[in-house]
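Close look at the chain arrangement
These are the residues of each chain, in order.
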Amino acid sequence: MLFWGFIGAQVMIFFGRGIEQAWGAFRVTAYILGWFLSSAVCGLALGVTPGGALLAQTILFAFAVLYPNEELLLFFILPVKVKWIALVSAGFTLFQVVENPFYLLLVIPGTLNFLVAFGPDFIKGRLRHKKVADRRAQHQAAQAPEGSSFHQCRVCQKTELDDAALEFRVMADGEEICNVCRAKSAS
């Protein structure tokens, strides 16, 4: 048991250093103090505080958001990406909440620091993805249907679909003329 406790401490130190490298010492300290504050409020309100496992889980979640493709060697053999470890951890927590709904009263304050730190960016990202999808749909709807031409000669009425070798020029009056008709009118 002492061995696994040592390994867990080393992993938490690794996560903490990574988060500190990305955020800086002040923000990491504020993140952890936010957890302690929400746990204290929960303890005063309910008489029960979230355990330190939820603090470790929020540190794991923060690291997984910042470095999702970082790999850890599971049992010193299997390389597993941190994002999958975080998803499994979230799944176990969800299972515990389904099994005992009272546990949700501990999970919410126990993960409040993560929600405060990453929630706004997540919401902004979702809104940005929605805007991009809307713009893409508008662009695709505004495109000309397949089989319609972009150019048409005012003299012979040929289009680029009739002959791919035709080159079109725009005249001073805004009308288009193909290179064949232009050569005929020039001679």
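Before going into details, it helps to say that this report is about the structure given with it. Keep in mind the model is a prediction, meaning the values are calculated, not measured. (Residues numbered from 1 in each chain as written. Predicted model: local features only at pLDDT ≥ 70, side-chain atom pairs only at ≥ 80, totals over all residues. Heavy atoms only, no water.)

1. A short note on the pairing of strand β1 (residues 71-74)
Quick note on the threshold: Should DSSP find at least two bridges between two strands, the strands are regarded as paired. Every helix listed is a DSSP run of H or I at least four residues long, and every strand listed is a run of E at least two residues long, numbered separately from the N terminus.
Note that β1 and strand β2 (residues 78-81) share four bridges and pair antiparallel. Along β2, the bridge assignment pairs leucine 74 with leucine 78. In this antiparallel pair of consecutive strands, β1 and β2, the connection spans three residues, and phenylalanine 75 shows a positive phi of 55°.

2. Comments concerning the pattern of salt bridges
Our working rule: Salt bridges are identified by distance alone: a Lys or Arg side-chain nitrogen within 4 Å of an Asp or Glu carboxyl oxygen. When accessible area is computed with a 1.4 Å probe and restricted to protein chains, residues below 20% of their type maximum are described as buried, those above 50% as exposed, and intermediate ones as partly exposed.
With the rule as written, the count across this model stands at three salt bridges. Among the salt bridges present, the one from arginine 154 reaches aspartate 173, with a minimum N-O distance of 2.9 Å. One end of the pair, arginine 154, is in the loop between α6 (112-142) and β3 (168-170); the other, aspartate 173, is in the loop between β3 and β4 (176-178), with 19 residues separating them in the sequence. Residue classification places arginine 154 among the partly exposed positions, given a relative accessible area of 37%. For the salt bridge of glutamate 167 with arginine 169, the shortest nitrogen-to-oxygen distance reads 3.4 Å. Looking at arginine 169, the relative accessible area reads 40%, which means it is partly exposed.

3. A few points about the packing of helix α3 (residues 52-66) against helix α4 (residues 82-99)
What counts, and what does not: Here the axes come from fitting lines to C-alpha atoms, over the contacting stretch only for helices, and the angles between their N-to-C directions go from 0 to 180 degrees. Note on convention: near helix rotated counterclockwise from far helix by under a right angle means a left-handed crossing. Clockwise means right-handed. Note on contacts: a residue pair qualifies if any of its non-hydrogen atoms lie within 4.5 Å across the two residues. Asp, Glu, Lys and Arg are counted as charged, while Ala, Val, Leu, Ile, Met, Phe, Trp, Tyr, Cys and Pro are counted as nonpolar; the rest, among them Gly, fall into the polar class.
Interhelical geometry of α3 versus α4 gives an angle of 145° and a closest axis separation of 9 Å. Both α3 and α4 take part in a crossing whose hand is left-handed. Contact residues: Gln57, Leu60, Phe61, Phe63 and Ala64 in α3; Val82, Lys83, Ile85, Ala86, Ser89, Ala90 and Thr93 in α4. Of the residues assigned to the contact of α3 with α4, the class counts are eight nonpolar, three polar and one charged.

4. What about the nonpolar core?
Rule in force here: The term nonpolar core refers to a set of buried residues drawn from Ala, Val, Leu, Ile, Met, Phe, Trp, Tyr and Cys, joined through side-chain atoms within 4.5 Å.
Residues Ile19, Trp23, Tyr31, Ile59, Ala62 and Phe118 are the most contacted members of the largest nonpolar core, which totals 19 residues. It is α3 that provides the largest number of residues to this core, a total of eight residues. Once residues lying within four places of it in the same chain are set aside, the contact partners of alanine 62 are Ile19, Trp23, Tyr31, Phe114 and Phe118. Cys153, Leu166, Ile177 and Cys181 belong to the second largest nonpolar core, which has six residues in total.

5. Focus: the packing of helix α2 (residues 25-46) against α3
In a packed pair of helices, the relevant descriptors are the angle between the two axes and the axis-to-axis distance. Two elements in contact, α2 and α3, have axes separated by 11 Å at closest approach and are oriented at 145°. Of the two elements, α2 crosses α3, and the hand of that crossing is right-handed. Listed contacts from α3 to Tyr31, Trp35 and Phe36 of α2 are Gly52, Leu54, Leu55, Thr58, Ile59 and Ala62. Its residues assigned to classes, the contact of α2 with α3 comprises seven nonpolar, two polar and no charged.

6. Details of helix α1 (residues 2-23)
Note the following rule: Given a helix with a known number of residues, its expected span is that number minus one, times 1.5 Å. Taken from the helix axis, the directions to the C-beta atoms give the arc we talk about.
Taking 1.5 Å of rise per residue, the 22 residues of α1 would be expected to cover 32 Å, and the 31 Å separating its terminal C-alpha atoms lies within 8% of that figure. Along α1, the residues that are buried comprise Ile7, Phe15, Gly18, Ile19 and Trp23. Across the axial projection of α1, the buried residues extend over an arc of 130°, all falling on one side. Opposite the buried face of α1, by more than 90 degrees, sit the exposed residues Leu2, Arg17 and Gln21. Contacts from the buried residues of α1 go to α2, α3, β1 and α6.

Remember that the coordinates give geometry; whether it matters functionally is a separate question.
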